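# Residue-level structure breakdown
Each chain is listed here by its residues.
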Amino acid sequence: MPQTNKSVGAGNASGPACSPDQGEPPPPARDVDTQGDAVEEQGDPEIVKSPSDPKKYRYIQLSNGLRALLISDLSAADGKTDGGDAGPERDPDRDDEDDDDDEADSGEGSEEDDEDDEEEEQDSDFEDEDEDSAGKKKKKSAEKQAAAALCVGVGSFSDPDELPGLAHFLEHMVFMGSEKYPAENGFDAFLKKHGGSDNASTDCERTVFQFDVQKKHFREALDRWAQFFICPLMIKDAVDREVEAVDSEYQLARPSDSHRKEMLFGGLAVPGHPMSKFCWGNAQTLKHEPRERGIDTYRRLRQFWRRFYSAHYMTLAVQSKETLVTLEQWVREIFVHIPNNAEPAVDFSHLPRPFDTPAFNKLYRVVPVRKVHALTVSWALPPQGKHYRVKPLHYISWLIGHEGSGSILSLLRRKCWALALFGGNSETGFDQNTTYSVFSVSITLTDEGFRNFYQVVHLVFQYLKMLQTLGPQQRIYEEIQKIEDNEFHYQEQTDPIEFVENICENMHLFPKEDFLTGDQLMFHFDPEVIGGALSSLTPARANLLLLSPEHEGHCQIREKWFGTSYSVEDIPAEWAQRWASDLEVNPELHLPAENKFIASDFTLRPSDCPDTEFPVKIWDDERGCLWYKKDTKFKIPKAYIRFHLISPMIQKSPENLVLFDLFVNILAHNLAEPAYEADVAQLEYKLVAGEHGLLVRLRGFNHKLPLLLKLVVEHIAAFSSDAGVFGMFSEQLKKAYFNILIKPDRLGKDVRLLILERSRWSLIQKYRAVVAGLTLGDLLTFVGELKAELYVEGLVQGNFTGAESKVFLHYFTERLRFRPLSAEVPVSFRVVELPAGHHLCKVKSLNKGDANSEVTVYYQSGLKNLREHALMELLVMHMEEPCFDFLRTKETLGYHVYPTCRNTSGVLGFSVTVETQASKFR
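Residue numbers here run from 1 along each chain, matching the order of that chain's written sequence. A pLDDT threshold of at least 70 governs which residues receive local features in this predicted model, and a stricter bar of 80 or more applies before side-chain atom pairs are shown or counted, although totals over entire chains, interfaces and linings include all residues. Where side-chain values are given, they derive from all heavy atoms of the structure, hydrogens and water being excluded.

## Details of the overall build of the protein chain
The cut-off we apply is this: For helices the rule is a DSSP run of H or I covering at least 4 residues; for strands it is a run of E covering at least 2, with both sets numbered from the N terminus onward. With a 1.4 Å probe rolled over the protein chains alone, any residue whose accessible area is under 20% of its type maximum counts as buried; one over 50% counts as exposed, and the rest are partly exposed. Only the protein chains shown count as cover for residues, and all accessible areas are computed by the Shrake-Rupley method using a 1.4 Å probe.
Along the backbone of the protein chain there are 25 helices and 23 strands. Buried positions account for 61% of the 922 residues belonging to the protein chain. Surface exposure of the protein chain reaches about 35500 Å², of which carbon and sulfur atoms provide 51%.

Pasting the structure below:
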């Protein structure tokens, strides 16, 4: 659904997050005393929160009908409760272009219909997260930020038939000044001046607005922000300009296979159902066609605002380091002025199920933008939101998406038919609303899997048949419930802006006592509810969507809005008859065994080293070193482990870089099944193909983390591959490199770094190397040489002792038995000093059908030092809003417009980027 990046530096919003032997298990999450120290500061006793959550909550309803949750986080002032992370993550304000951490997850990718940034992770399998992080929300310290979010119970389902995208357009327009604060971009300028950001998103039945700012400016920011809902200007001469921003957002979304799939899927709904609406809106639907038909978009916009932006449709969440009394006073003073039109709330629950139509149970072949084979099997069920305490789809998706022994993916991987599988419901408005709930199984296929896709579908149906025959399993439900409860009990504090965004939407979905828990916990096992959902997942009610470049030239139908080429055909009679009969279940499919990685010891380790502010080096020799920091701040039973296996082999040639990518991908593939139980038990592990070595990162409950680390080291030491797996990943890597190169921003980055950094191999060189052909023998020789000579640097932080941490380093040195490096490996590339003057580099996009383009003006500064870096970050902060206001709002050059501070291998630079369409300024 449309996601508005309203202000530079603010990222895309998302929907609601969806989601004990020794030592005492955590107390039940439901039995929590929220009593404060003083009567007036007591939290609402009906609101259930995590025992580790120090915040106080109060629920109020204003006289105009607006409902609000007040969140006081006074304890964050002493630095004891903000964050909660057991270890460091990448500094989100860094744009280091040589940061090895920015290399993508070397796992086998993620669901191909995720958001664009997730698509890139999946495409590359080693993806380096672009340093162009401007335009994405930068996290601020929880100690400094206050935040608010407001959810309006209206979305694109309410668009007039003659004005598709009006709800999304209104979301844009309300930000264009208010009667009290008329400056068009005044609010954004205020936030930028005080270290804040804002954002908004439009879904099917809800629209969410949120912002954060430094605490001392929160009261004023609330007043400015509230005026958008009290008396927005929405001046007439801003309409055409902001239509261009909406159109640019739509154009940027058009090359996304995930958005294309959504629009195609929505088009299968019965005529007249809001699911089939064009929710994005563009210049055609909001400007050109209305003018031709005599429709006054501006007048209809104001009518839409008066009808739907009413206080009794709204929920508000505010969080700050203020007392509940102060927050309540502010909210009542400010938000009581939002008008209430007393109109009945919009409701679509009476509509018939949108996909009870013959067009649904068919095979749709689709031509994707990227080089990918992907199969999605979908069902449309009755709305499941009312069953949130049982979460039947979460239970089913946990089993469908399992990757351990006996799972669908385990069997598909052994056949070399699939790389990844994801099942479930995203809980966005598109996947779950008041008219239906979608359950999907999405599989990234190999070439061989594509050729046998009906066999793949058959395997999915067999697994579902097994689940239906066995019925819901209380053991498995309670295991999932235990994992969720552990995570909830020791959950880490989230960024305030993300927290309030999630909570204000939860207030539309759950009763008061479950505002904080409704989307996280599984409350009770109900086999009847789970069985009812399972019984709907039959072959006769399934939709098959098959994406492949092989369909090019064979798909003659074009979807209206995104131009997706597709064809539709009946399920072959042979398969339809086979699935209609009593399916025989493959004997290799079975339920997962008991999970040995679930933590049960939550005791805090004693300290055996002096307490320090920063990590200290506790081991150093010729083969490696180890940094250590005991958690004395958050005091939670979690830890963070990171090891960097440095080798000079990686940067010797493009071929070596490709072999390294293959090694990391196949290593992740080999680990996927044995380590999957750890993953679902909230033990995260990541293998990253860095510039100069392999990064191994683990985090989670410390009790079973050593077990996972041993497993990873053992697979590195005993690495092997057969010809089938090697061929599968070689083909996938070709697609991955290609899929990155067809994105203008990624191609531009690759070219810029190739100009600036000596000895850097371009992605095109890597693509040519993999296309030219490498062998399994090449890979095994490379891996042998890679492991023979290494330097290992590690960091252990959290609930471990120093003695335990040294053992982790010895896992590597003793099991891998490598030699010390003969020469020191450079930690960064050498950077070219650009000659004085203006230099122009033009690069043609590799996707001729994509009009999206990127223009970046780069200024090189000099060697990085702390003062210059701080000054440049300050420059960016002061330029963000004027840059956005002039280039996007007034000149309408493009949707994404941002300045950035760049640290390229230790050399500072500054750039301004505009993402636009080449067809726009001919």
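## Things to note about helix α24 (residues 802-816)
Put simply, the rule reads: For a helix, the expected span equals 1.5 Å multiplied by the residue count minus one. Bend is the name given here to the angle between axes fitted to two runs of seven residues, the run ending at a residue and the run starting at it.
A rise of 1.5 Å per residue sets the reference length of α24, with its 15 residues, at 21 Å; its end C-alpha atoms lie 22 Å apart and thus fit the reference within 8%. Helix geometry: α24 is bent most strongly at H810, by close to 30 degrees. Every buried residue of α24 is listed here: G802, S805, F808, L809, Y811, F812, T813 and L816. Immediately beyond the C-terminal end of α24, within one or two residues, lies R817, with a positive phi of roughly 50 degrees.

## Here's the deal with the environment of P352
Along the chain, P352 turns up in the loop between α9 (324-335) and β8 (363-366). The sequence separation of P352 and T435 amounts to 83 residues, and the corresponding C-alpha distance is 7.2 Å.

## A closer look at the side chain of D750
Put simply, the test is: In this count, Lys and Arg are taken as positive residues and Asp and Glu as negative ones, while His and the chain termini are left out. What makes a salt bridge here is a side-chain nitrogen of Lys or Arg within 4 Å of a carboxyl oxygen of Asp or Glu, nothing more. Working rule for contacts: check all heavy atoms of both residues, and any pair within 4.5 Å makes them a contact.
Within the secondary structure, D750 sits in helix α21 (residues 744-756). In this structure D750 is buried but unpaired, with R760 as the nearest side chain of opposite charge at 5.5 Å. The residues contacting D750, other than those within four sequence positions of it, are L741, S762, L763 and I764.

## Digging into the sheet that holds strand β18 (residues 684-689)
Quick note on the threshold: In this analysis, strands are considered paired if DSSP registers two or more bridges between them. Simply put, an axis is a line fit to the C-alpha atoms, just over the touching stretch for a helix, and the angle between two N-to-C directions goes from 0 to 180 degrees.
In space, the six strands of this open sheet follow the order β15-β16-β20-β17-β19-β18, with mixed pairing throughout. Each of the sheet's edge strands pairs with one partner strand only, and the pair in question is β15 (616-621) and β18. Mean inter-strand twist for the sheet, computed between neighbouring axes without regard to direction, equals 10 degrees. Examined bridge by bridge, strand β17 (residues 638-646) and strand β20 (residues 791-798) share eight bridges and lie antiparallel to one another. Pairing of L645 across the sheet is with V792, part of β20.

## Topic: the nonpolar core
To keep it simple, the criterion reads: Nonpolar cores were defined as sets of buried Ala, Val, Leu, Ile, Met, Phe, Trp, Tyr and Cys residues, with membership established by side-chain atoms within 4.5 Å.
If you look at the biggest cluster of nonpolar residues, it comprises 76 residues, and the most contacted ones within it are F643, F663, L694 and L708. Examining the composition of this core, we find that 13 residues originate from one element, helix α18 (residues 654-680), more than from any other. Counting residues in each nonpolar core, the second largest holds 61 residues, with A68, F187, A200 and I334 among its members.

## Focus on the pattern of salt bridges
What the rule picks out here adds up to 42 salt bridges. E714 serves as the salt-bridge partner of R815, at 2.8 Å between the closest nitrogen and oxygen. Taken together, the residues R815 in helix α24 and E714 in helix α19 (residues 705-717) connect sequence positions 101 residues apart. E714 gets classed as partly exposed once you look at its relative accessible area, which sits at 35%. It is possible to trace a salt-bridge network through shared partners that takes in E487, E492, K638 and R699.

## Considerations on a nonpolar patch on the surface
Cut-off, in case you're wondering: Residues enter patches when their relative accessible area tops 30% and they take part in no salt bridge; the joining distance is 9 Å for like charges and 5 Å for the nonpolar side chains Val, Leu, Ile, Met, Phe, Trp and Tyr.
Judged by side-chain polarity, V855, V857 and Y859 come together as a nonpolar surface patch covering roughly 270 Å² of accessible area. Here Y859 lies in strand β21 (residues 852-863). With relative accessibility at 48%, the residue Y859 sits in the partly exposed group.

## Digging into the sheet that holds strand β23 (residues 907-917)
Strands sit in the order β21-β23-β22 across an open sheet of three strands; the sheet is antiparallel. At either margin of the open sheet sits one strand with a lone partner, and together these are β21 and β22 (896-904). Between one strand and the next, the sheet's axes are offset by a mean angle of 20 degrees, whatever the strand orientation. As judged from the eleven bridges shared by β21 and β23, these two strands associate in the antiparallel manner. Looking across to β23, one finds that L863 is bridged to V907. In this fold helix α5 (residues 239-253) packs onto β21, β22 and β23, with an angle of close to 100 degrees to the strand it touches most, β23. Taken strand by strand, helix α25 (residues 866-890) contacts β21, β22 and β23, and its axis lies near 165 degrees from that of β22.

## Overview of the packing of α18 against helix α23 (residues 776-788)
Defined as follows: Should an angle lie under 35 degrees it is considered roughly parallel, over 145 roughly antiparallel, and from 65 to 115 roughly perpendicular; all remaining angles are considered oblique. Any residue outside Ala, Val, Leu, Ile, Met, Phe, Trp, Tyr, Cys, Pro, Asp, Glu, Lys and Arg is labelled polar, Gly included; the first ten of those are nonpolar and the last four are charged.
As a packed pair, α18 and α23 sit with axes 10 Å apart at the nearest point and diverge in direction by 90 degrees. Judged by the angle between their axes, α18 and α23 are roughly perpendicular. Judged by residue contacts, N656, L659, F660, L662, F663 and I666 of α18 engage D778, L779, F782, V783 and L786 from α23. Looking at the contact of α18 with α23, its residues break down into nine nonpolar, one polar and one charged.

## Brief notes about unusual backbone geometry
The general pattern is negative phi for most residues beyond glycine and trans for most peptide bonds. In this structure, R817 is a non-glycine residue whose phi angle is positive, near 50 degrees. Examined against the element boundaries, R817 turns out to sit in the loop between α24 and β21. Take R817: its relative accessible area is 69%, and that puts it in the exposed class. The phi torsion at T892 lies on the positive side, around 50 degrees, for a residue other than glycine. Within the element layout of this structure, T892 appears in the loop between α25 and β22.

## Focus on the packing of aromatic side chains
Keep this limit in mind: Planes of paired rings set the category: under 30 degrees apart is stacked, over 60 is edge-to-face and the rest tilted, where pairs are Phe, Tyr or Trp rings (Trp by its six-membered ring) whose centres lie within 6.5 Å. When the NZ atom of lysine or the CZ atom of arginine is within 6 Å of a ring's centre and also within 35 degrees of its normal, the charge is said to sit over that ring.
This structure, assessed with the given rule, holds 44 aromatic pairs. Measuring from centroid to centroid gives 6.0 Å for F211 and F218, while their planes differ by 45 degrees, and the two rings are tilted. Judged by its relative accessible area of 0%, F218 is buried. Ring geometry for F461 against W579: centres 4.8 Å apart, planes inclined by 90 degrees, an arrangement best described as edge-to-face. Of this pair, F461 sits in helix α13 (residues 453-470) while W579 is found in helix α17 (residues 573-580), placing the two residues 118 residues apart along the sequence. Of the two residues, F461 and W579, both sit in the buried class. Put simply, the rings of F175, F187, F209, F211, F218, W225, F228, F229, Y309, W330 and F335 touch in pairs and so form one group of aromatic residues. The ring of F738 carries the charged tip of K371 above its face, separated from the ring centre by 4.7 Å. A cation sits over an aromatic face here: K638 above F701, 5.1 Å from the ring centre.

## Notes on the confidence of the model for the protein chain
Convention followed: Every residue is assigned a pLDDT by the predictor, reflecting its confidence on a scale from 0 to 100.
When pLDDT is averaged along the protein chain, the result is 86, and 88% of the positions lie at 70 or above. Low confidence marks residues 4-39, where pLDDT is under 50. Its contacts with residues over four positions away, or in another chain, come to 119 contacts. Scored below 50 in pLDDT, residues 77-142 shows 228 contacts in the model against residues more than four places distant or in partner chains.

## What about the pairing of β23?
Among the eleven residues of β23, eleven are classified as buried, and the element is accordingly described as predominantly covered. Side chains V907, G909, S911, T913, E915 and Q917 project from β23 onto one buried face, and the interleaved L908, F910, V912, V914 and T916 project onto a second face that is buried too. Here β22 pairs with β23 via nine bridges, running antiparallel. Counted as the bridge partner of N903 is L908 from β23.

## Examining the packing of helix α20 (residues 723-741) against helix α22 (residues 763-772)
Put simply, the rule reads: A clockwise turn of the near helix away from the far one marks a right-handed crossing, whereas an anticlockwise turn of less than a right angle marks a left-handed crossing.
Look at α20 against α22: their axes get within 10 Å of each other, and the N-to-C directions meet at 155 degrees. By the criterion of interaxial angle, the relationship of α20 to α22 is roughly antiparallel. Crossing handedness for the pair α20 and α22: left-handed. Here S730, L733, K734, Y737, F738, I740 and L741 of α20 lie close against α22, whose contacting residues are L763, I764, K766, Y767, V770 and V771.

## Some details on the pairing of β20
Burial analysis of β20 places six of its eight residues in the buried class, the great majority of the element. In this sheet, β20 lies alongside strand β16 (residues 624-630) in parallel orientation, the contact comprising seven bridges. Pairing of Y628 across the sheet is with V796, part of β20.

## A closer look at the environment of T376
Let me state the cut-off plainly: Pairs of N or O atoms are called polar contacts if they sit within 3.5 Å, as long as, within protein, a hydrogen donor faces a hydrogen acceptor (for residues adjacent in sequence, only side-chain-to-side-chain pairs).
Along the chain, T376 turns up in strand β9 (residues 373-381). The spacing of T376 and S440 is 64 residues in sequence and 6.5 Å in space, taken between C-alpha atoms. A polar side-chain atom of T376 sits 3.3 Å from a polar atom in the side chain of S442.

## Structural notes on α9
Convention followed: Arc definition: directions from the helix axis to the C-beta atoms.
When the terminal C-alpha atoms of α9 are compared, their 16 Å separation across twelve residues agrees well with the 16 Å that a helix rising 1.5 Å per residue should span. For α9, the complete set of buried residues consists of L324, L327, E328, W330, V331, I334 and F335. All buried residues of α9 lie within an arc of 165 degrees about the axis, which places them on one face of the element.

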